[in-house]
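Chain residues, written in single-letter form:
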Amino acid sequence: MYDLIVTLIPFFPLLAVLVNGLNVLVGYRYSHEIAHRLAWGSVLLSFLCSVWVCLETIGHPDPRTVIVYRWFFGGDLTVNFGFLIDPLTCIMLLVVTGVGFLIHVYSVGYMRGEDGFTRFFVYMNLFMVSMLLLVMGNNYVVLFIGWEGVGLCSYLLIGYYYDRVSAAQAATKAFVVNRIGDAGFLMAIFLIFANLGTVDYLDVFVRAATLDQATAGAIALCLLIGAVGKSAQLPLYTWLPDAMEGPTPVSALIHAATMVTAGVYMIVRSHAIYDLTPDALLVVGVIGAVTALFAATIALVQTDIKRVLAYSTVSQLGLMFLACGVGAYTAAIFHLVTHAFFKALLFLSAGSVIHALSGEQDIRKMGGLWDKIPKTHGVFLIGTAAIAGFPFLSGWWSKDEILGHAFTHGHYVLWALGATAAFCTAFYMSRLLYLTFYGESRVAPDVAHHLHESPTVMILPLMVLAVLSVVGGLIGVIPGGLEHGWFHQFVEPVVRVAGPGSGATHDNELAYLLMGVTTLIGATGWFLAHYFYQLKPEQPDRVMARMTGVYRVLLNKYWVDEAYDQAFVEPGKAMGRGCDLVDTNGIDRVVIAVEQVTSLSGAGSTWIEKHVIYSGLNVVGYGNHLAARLLRRLQSGLVHHYAAMLVGGFVILVNLIALFLWFGGAS
Amino acid sequence: MIPVSAYVIVSAILFVTGLIGVLVRRNFIIVMMSVEIMLNAANVNLVAMAQHLDSLAGQILTLFVIAIAAGEAAVGLAIIIVVFRGKLATNVDQINLLKW
C-alpha cells in the first residue's frame with residue numbers, strides 16, 4: 001500500500017505526459033479542455049499522494065526505501081530504481097507538487113489561446129515527473145536522471161516560443177551552461193562509486209566517514225559544480241536571467257520555485273560528505289554569499305520585470321547556499337520552502353501584470369496600476385513584503401534564520417555580504433513595486449485601453465500562494481519558538497551533523513538583536529525605494545547622472561555575459577572555424593583523393609570484369625550452345641533412325657561382351 | 001533328334017528377317033509385323049534352350065513374351081489407327097513430330 005502510493009506520485013504526471021503527448025502526436029483527438037484537466041488533475045493526485053506519504057512520515061520519521069525494481073547491476077555496482085522517503089523528501093514533495101499544482105492551474109488561464117497549449121502541458125508534466133524523481137530517488141543515479149530530466153524540460157520550456165530567435169538562444173544557453181555543471185555532478189557520482197562502492201544515499205552516508213579529507217573534498221567540490229550549474233550560482237548563473245524568455249508560469253515553476261533549488265536540495269542531501277570537509281563547505285558559503293550580493297546589485301537597475309525577479313532568484317539561491325555553507329541545512333531548506341511560496345507568487349503575479357498589459361514587460365512602461373488590477377496588486381504587495389523581510393511574513397523568518405546562523409557561528413564576513421544582499425533585495429523589490437503599481441501611469445495608450453484584471457483561474461492560485469507567503473513561515477516557529485518550530489523538528493533528523501561541532505549554543509538575546517538588525521536593514525531598503533520612487537521621483541535620475549559608471553556597470557550586469565562571450569563563446573566559435581578550415585582543406589582533400597582512387601580502381605575492375613571474366617564465361621556458354629545445336633540433330637523424330645541407333649548400339653554391346661569373354665576366358 | 005544349333009540358326013534367321021523388316025520397310029503394319037517376328041525369334045530360341053537345358057524357366061518367359069507381345073500389338077495398332085485418322089499417313093517416315 002505504502003509502496004504503491006509512493007510509486008504513484010511520479011506515475012500520475014507520467015501518465016498525463018503519455019496521454020497528452022500521444023494526443024499531440026496523433027494530431028489532437030480531444031480538445032484543450034480535456035488536456036489541461038488531465039495535466040493539473042494528475043499533479044493534484046500526486047499532491048494528494050504526497051500529503052498521505054507526508055502524514056505517514058510524520059508518524060514514522062525514519063527513512064524508508066521503496067525499491068521499484070533493480071535497474072542495472074554488474075560487478076560491484078547495483079543500482080536500484082528506488083525511492084527514499086524521509087522528512088526532507090516529504091518537504092520537497094509537498095513543495096514540488098503543491099506549488100506545481102497551483103502553477104498548473106494558473107497556466108490554464110495564462111496559456112489560454114496559445115499555440116501548442118497541449119505541448120506546454122506535456123512539457124510541464126514531464127518536468128513534474130523529472131523533478132519528483134530528483135527529490136524522491138534513493139541514490140545518486142536516480143537523482144541524476146531527474147537532474148537531467150528537469151534540465152531537458154527547462155530547455156524545452158525556455159524555448160517554448162521556438163520561432164523567436166532570442167528564446168531559442170536562451171534555451172541553448174541554459175542547456176549548455178547546465179551541461180558544465182552536470183559534468184561536475186557526473187564526476188562526483190563516479191568518485192563516490194569509486195571510493196565508496198555504492199551510490200545509495202544511506203550506504204554512502206554511512207561509509208562517507210571512511211573517506212579521507214582530500215577525496216571527500218574532491219567529491220564535495222564536484223557536487224558543488226553540479227549544484228552551481230543547476231542553481232545558477234556564480235560563475236554559472238548567466239543562463240537564469242535569459243531563461244525568462246520562457247512563458248511566465250515556467251519561470252515561476254522551474255526557474256524560481258523548484259528546479260533551481262535542486263542544487264540546494266542536493267547539497268543538503270549530501271551534507272554527510274560536506275560535513276567532512278570544512279573547506280569545501282566554506283567554498284559553498286562564499287559562492288553563495290558573493291552570488292547573493294552580486295545578483296542583488298544587478299537587480300537594482302534592471303528594467304524588465306521578469307529579469308529583476310530572475311536576479312532576485314539568483315540572489316535568494318545564493319542565500320540558501322550561504323546557509324548550507326555555514327551548516328544551517330535546515331534553514332536552507334526552510335528558506336527554499338518559503339522562497340518557493342513567495343517567488344512563485346511574485347512571478348505569477350508578474351505574469352498577471354504582463355497579461356493585463358498585453359505582454360509588456362518593461363517597468364518603465366508601467367506605473368499606477370494598483371487600482372486598475374487591484375487583486376494582482378494585493379498579492380504582489382504581499383510577495384514583495386515577504387521577500388523584502390517584512391516582519392512575521394515567511395521570508396522574514398527564513399532569511400533571519402540564515403543570517404543569524406551565519407553570525408552566531410562566527411562567519412561575520414558572510415553575514416555582512418548576506419545582510420547587504422538583503423538590503424539590496426528590500427530596495428529593488430520595493431522599487432519594482434513602486435515602478436509597477438504606484439506613481440503616474442506610463443502605460444502606452446493603446447495598451448491602457450484594454451487593461452484588464454486576470455481571470456479567476458489565475459487569481460485563485462495567487463491567493464493561495466499569498467496566504468502561504470504570509471503564514472508559511474510560521475511552520476518554522478510553532479510550536480517550539482525560534483529555530484525550534486515543527487519544520488525544524490521534522491527535518492532536523494535528516495541533516496543532523498554527526499560528530500562534534502554540532503549544537504552551537506543558542507543565544508536568544510543575540511538572535512533577537514540580529515532579527516532587529518535585519519528588519520531594520522529591510523525597512524531601510526524599503527524607505528530608500530519609497531524616497532526615490534514616491535517622494536522624490538526625479539531623484540533616481542539625478543543619482544544615476546552622478547554615478548554613471550556604477551550605473552552602467554550594473555545595467556550591463558558587470559559585462560559578465562560579454563566576458564563569457566569573449567572568453568569562451570568566441571574562442572569556441574574560432575576553434576570551430578579552425579576545425580572547419582582543417583576539415584575542408586586537410587581532411588576533405590584526403591577523403592576526396594581516396595574517393596578518386598577508389599573510383600578509378602573501380603572503373604578498372606569493371607573493365608576487367610566486362611572484358612576478361614565475362615568473355616571467359618561467354619566462351620563456355622557459347623561452346624555449350626554450339627555443341628547442343630550439333631547434337632540435337634540426333635533426335636530426328638524418325639523411328640527408323642532410333643531403331644538403327646538401337647541396333648548399332650546393340651551390335652557394339654554384343655561385340656564388347658564377346659571381346660570381354662574372349663580375353664577374360666583366355667586369361 | 002534335331003540338334004539345338006538348328007533351332008538357334010532358325011531363330012537367328014527369323015530375328016535378322018524381322019530386323020531388316022523394321023529397318024527398311026516404311027509401312028506401319030509391316031514394321032509392327034517385323035517386330036512380332038523378332039519377338040518370335042526370341043521365343044523360339046528360349047524354348048529351344050529350355051528343352052536343351054532341361055529347365056522350365058525359358059518356357060515360362062516365353063509365355064510372358066507372348067502376352068506382352070499381344071499387348072504391345074494392341075497398343076501399337078491403336079496408335080497406328082489414330083495417326084492414320086489424323087494425318088492420313090501410313091508410313092513411319094512421314095511422322096517426325098517427336099524431334100528436338
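Bear in mind the structure is a predicted one, so any value in this text is a computation, not a measurement. (Residues numbered from 1 in each chain as written. Chains lettered and ligands numbered in written order. Predicted model: local features only at pLDDT ≥ 70, side-chain atom pairs only at ≥ 80, totals over all residues.)

A. How the structure looks around the overall build of chain B. Across its full length, chain B carries 3 helices and 0 strands. Traced from its N-terminal end to its C-terminal end, chain B shows the element sequence α-α-α. Counting only C-alpha atoms and orienting by the principal axes, one finds that chain B spans roughly 50 × 25 × 25 Å. Burial status across chain B gives 13% buried among its 100 residues. For chain B, restricting intrachain contacts to residue pairs at least 6 apart in sequence, the fraction spanning at least 24 positions comes to 45%. (Helix = DSSP H or I, 4+ residues; strand = E, 2+ residues; numbered from the N terminus. Buried ≥ 20, exposed ≤ 12 C-beta atoms within 10 Å, placed from the backbone. Contact = placed C-beta atoms within 7 Å.)

B. Up close: the overall build of chain A. Of the regular secondary structure elements, chain A holds 26 helices and 2 strands. Its C-alpha atoms give chain A a radius of gyration of 37 Å, clearly above 26 Å, the size a compact globule of 667 residues would have. Taken along the three principal axes of its C-alpha coordinates, chain A extends 145 × 65 × 50 Å. Across the 667 residues in chain A, those meeting the buried criterion constitute 49%. Considering only contacts within chain A whose residues lie at least 6 apart along the sequence, 81% involve residues at least 24 apart. (Rg over C-alpha atoms; globule rule 2.2 N^0.38 Å.)

C. Fine view of the packing of helix α1 (residues 2–25) of chain A against helix α4 (residues 117–136) of chain A. All names here are of chain A. Orientation of α1 relative to α4, taken along the N-to-C sense of each, is 155 degrees, at an axis distance of 8 Å. Considering the angle they form, α1 stands roughly antiparallel to α4. Between α1 and α4 lies a crossing of left-handed hand. Seen from α1, the contacting residues are Ile9, Pro10, Pro13, Leu14, Ala16, Val17, Asn20, Gly21, Asn23 and Val24; seen from α4, they are Thr118, Arg119, Phe121, Val122, Asn125, Leu126, Met128, Val129, Leu132, Leu133 and Met136. Of the residues belonging to the contact of α1 with α4, the class tally is 15 nonpolar, 5 polar and 1 charged. (Axes fitted to C-alpha atoms, helices over the stretch in contact; angles between N-to-C directions. Parallel < 35°, antiparallel > 145°, perpendicular 65-115°, else oblique. Left-handed = near helix turned anticlockwise from the far one by under 90°. Nonpolar A, V, L, I, M, F, W, Y, C, P; charged D, E, K, R; others polar.)

D. Spotlight on helix α25 (residues 560–631) of chain A. Roughly 40 degrees is the biggest bend found in α25 of chain A, and it falls at glutamine 566 of chain A. When you tally the buried positions in α25 of chain A, you get 0 out of 72 residues, a small fraction of the element. (Bend = angle between axes of the 7 residues up to and from the residue.)

E. Representation of the pairing of strand β1 (residues 64–74) of chain A. Residue and element names in this part refer to chain A. For β1, the buried fraction is low: 0 of the 11 residues fall into the buried class. In this structure, β1 lies alongside strand β2 (residues 77–85), joined through 9 bridges in antiparallel fashion. Each residue of the ladder has a partner; that of phenylalanine 73, found in β2, is threonine 78. Counting the residues in the hairpin turn of β1 and β2 gives 2 residues, including glycine 75, whose phi is positive at 60 degrees. (Pairing = 2+ DSSP bridges.)

F. Quick peek at unusual backbone geometry. Residues and elements named next belong to chain A. Here leucine 234 and proline 235 are connected by a cis peptide whose omega angle stands at 0 degrees. Relative to the assigned elements, proline 235 resides in the loop between α8 (213–230) and α9 (239–242). The phi angle at lysine 557 is positive, at roughly 55 degrees, despite the residue not being glycine. Within the element layout of this structure, lysine 557 appears in the loop between α24 (548–555) and α25. Under the C-beta neighbour-count criterion, lysine 557 is labelled buried, with 21 such atoms within 10 Å.

G. Quick peek at the confidence of the model for chain B. Residue and element names in this part refer to chain B. Averaged over all residues, the pLDDT of chain B equals 88, while 99% of them reach at least 70. Considering each helix and strand of chain B separately, the mean pLDDT is smallest for helix α3 (residues 57–87), with a value of 90, and largest for helix α1 (residues 4–24), with 92. Model confidence for the complex is summarised by a pTM of 0.74, with the ipTM given as 0.83. (pLDDT = per-residue confidence, 0-100.)

H. Molecular detail of the nonpolar core. Residues and elements named next belong to chain A. Judged by nonpolar contacts, the single largest core of 211 residues is most densely connected at Ala332 and Ala344. For this core, the element with the highest residue contribution is helix α15 (residues 329–356), accounting for 18 residues. If sequence neighbours within four positions are ignored, alanine 344 has contacts with Val99, Ile103, Ala252, Ala256, Ala257 and Leu465. (Core = buried A, V, L, I, M, F, W, Y, C linked by C-beta atoms within 7 Å.)

I. Spatial organisation of the interface of chain A and chain B. With 10 residues of chain A in contact, the opposing surface of chain B contributes 10 residues. Among the residues making up the side of chain A that touches chain B, the classes are represented as 5 nonpolar, 4 polar and 1 charged.

J. View of helix α13 (residues 278–299) of chain A. Its 22 residues place the ends of α13 of chain A 31 Å apart at the C-alpha level, agreeing with the 32 Å of an ideal helix rising 1.5 Å per residue. Of all 22 residues in α13 of chain A, 16 are buried; the element is thus mostly enclosed. (Expected span 1.5 Å × (residues − 1).)

K. Representation of the packing of α15 of chain A against helix α20 (residues 456–471) of chain A within the structure. All names here are of chain A. Axis separation between α15 and α20 bottoms out at 9 Å; the angle between their running directions is 150 degrees. By the angle between their directions, the pair α15 and α20 is classed as roughly antiparallel. The two elements α15 and α20 cross, and the hand of that crossing is left-handed. For the pair α15 and α20, contact is made by Phe341, Phe342, Ala344, Leu345, Leu348, Ser349 and Ser352 and by Met458, Pro461, Leu462, Leu465, Ala466, Leu468 and Ser469, respectively. Its residues assigned to classes, the contact of α15 with α20 comprises 11 nonpolar, 3 polar and no charged.

L. Structural context of the environment of asparagine 556 of chain A. Turning to its location among the elements, asparagine 556 of chain A is positioned in the loop between α24 and α25. Taking C-alpha positions, asparagine 556 of chain A is 9.4 Å from valine 301 of chain A, a pair spaced 255 residues apart along the chain.

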